[in-house]
Amino acid sequence: DLQPNFYICTLTSHNPRGFDGFTSIPGNHTTGMNDSNVLLVYSRLQNMRIVSSAICRQFPNLIEIMIFESHIERITPAAFQHCSNIEYVFINYGFIRTVPDNTFMNSPRLSYVSLMANRLTNLAPNSLRGSSIDFLDLSHNLISVFNPAPFEPINATLRVLDLLNNRLTTLPYAAFENINGE
């Protein structure tokens, strides 16, 4: 839950040619504040292509990342390697096709992930390992085959899995048998 006293960084990326990331995030802080005070990074309508690991390296106490309509094509495990405090991740309206193994390995507090309206076709089997996700929004993607393997590491915590508007036509028998669910 957002609190009104969150110190927010609005990420603006000048990347007209769509290079694969950036190494730092320039900007000025409010008097008495620094990178350690930033709890939320917000980005919309940027040309980023990947989620840069610079975000979590530069803002070590980050709790929430919100990236919308920013041409994100790939997430790499390095992107969240330094995100040990992250709780909420929203990367919506992009072009992501898969989430690789160990993406959230160093994010034990991560409880809410929204990858809505990308081009996801699958999640790697260990993509969610290391997190404690209880709400996962994969709606409005291109998932056509349900593979329960990626959800096994979060079986004990997952309560809501949104698969609305994907290309699923059937689910395997007992697909959600080991998922906590609501």
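Residues numbered from 1 in each chain as written. Predicted model: local features only at pLDDT ≥ 70, side-chain atom pairs only at ≥ 80, totals over all residues. Heavy atoms only, no water.

Colleague: Quick one: what's the story with the side chain of Ser53, residue by residue and with numbers?
Modeller: Mapping Ser53 onto the fold places it in the loop between β2 (38-44) and α1 (54-58). With relative accessibility at 19%, the residue Ser53 sits in the buried group. (Helix = DSSP H or I, 4+ residues; strand = E, 2+ residues; numbered from the N terminus. Buried < 20%, exposed > 50% of the residue type's maximum accessible area, 1.4 Å probe, protein only.)

Colleague: Describe in detail the state of the cysteines, supporting the description with residues and values.
Modeller: Linking two cysteines covalently through their sulfur atoms gives a disulfide. Using the criterion set out here, one finds 1 disulfide in the structure. With its sulfur 1.6 Å from that of its partner, Cys56 forms a disulfide with Cys83. On the S-S bond that ties Cys56 to Cys83, the torsion sits near 50 degrees, and the link is right-handed. One end of the pair, Cys56, is in helix α1; the other, Cys83, is in the loop between β3 (64-68) and β4 (88-92), with 27 residues separating them in the sequence. (Disulfide = S-S within 2.5 Å.)

Colleague: Any chance you could break down the nonpolar core for me, citing the residues and the numbers?
Modeller: In terms of nonpolar packing, the biggest core is built from 38 residues, with Phe80 and Leu138 touching the most fellow members. Where this core is concerned, the elements lending two or more residues are β2, α1, β3 and β4. Those residues in contact with Leu138, other than ones at most four positions away along the chain, are Leu115, Leu120, Leu123, Ile143, Phe151, Leu161, Asp162, Leu163 and Asn166. One finds Leu40, Met66, Tyr88 and Phe90 within the second-largest nonpolar core, a separate group that totals 6 residues. (Core = buried A, V, L, I, M, F, W, Y, C linked by side-chain atoms within 4.5 Å. Contact = heavy atoms within 4.5 Å.)

Colleague: Provide a residue-level description of the environment of Leu110, including the pertinent values.
Modeller: Within the secondary structure, Leu110 is located in the loop between β5 (98-99) and β6 (112-114). Apart from residues no more than four positions distant in its own chain, Leu110 is found in contact with Ile86, Glu87, Tyr88, Val89, Phe104, Ser131, Ser132 and Ile133.

Colleague: Tell me what's going on with the packing of aromatic side chains, and back it up with residues and numbers.
Modeller: On inspection of all chains with the given rule, the structure shows 7 aromatic pairs. For the pair Tyr42 and Phe68, a centre-to-centre distance of 6.0 Å together with 55 degrees between the ring planes defines the contact as tilted. A residue pair is termed long-range when its members are at least 10 positions apart, and Tyr42 in strand β2 and Phe68 in strand β3 qualify at 26 residues. Judged by its relative accessible area of 15%, Phe68 is buried. Pairing Tyr88 with Tyr112 gives two aromatic rings, centres 6.2 Å apart and planes at 50 degrees, and the pair type is tilted. Of the two residues, Tyr88 sits in strand β4 while Tyr112 sits in strand β6, which places them 24 residues apart along the sequence. You can call Tyr112 partly exposed: its relative accessible area is 23%. Members of the aromatic cluster, each reached through a chain of ring pairs, are Tyr42, Phe68, Tyr88, Phe90, Tyr112 and Phe135. (Phe/Tyr/Trp six-rings, centres within 6.5 Å; stacked < 30°, edge-to-face > 60°.)

Functional significance is not addressed by these values, which are geometric in nature.
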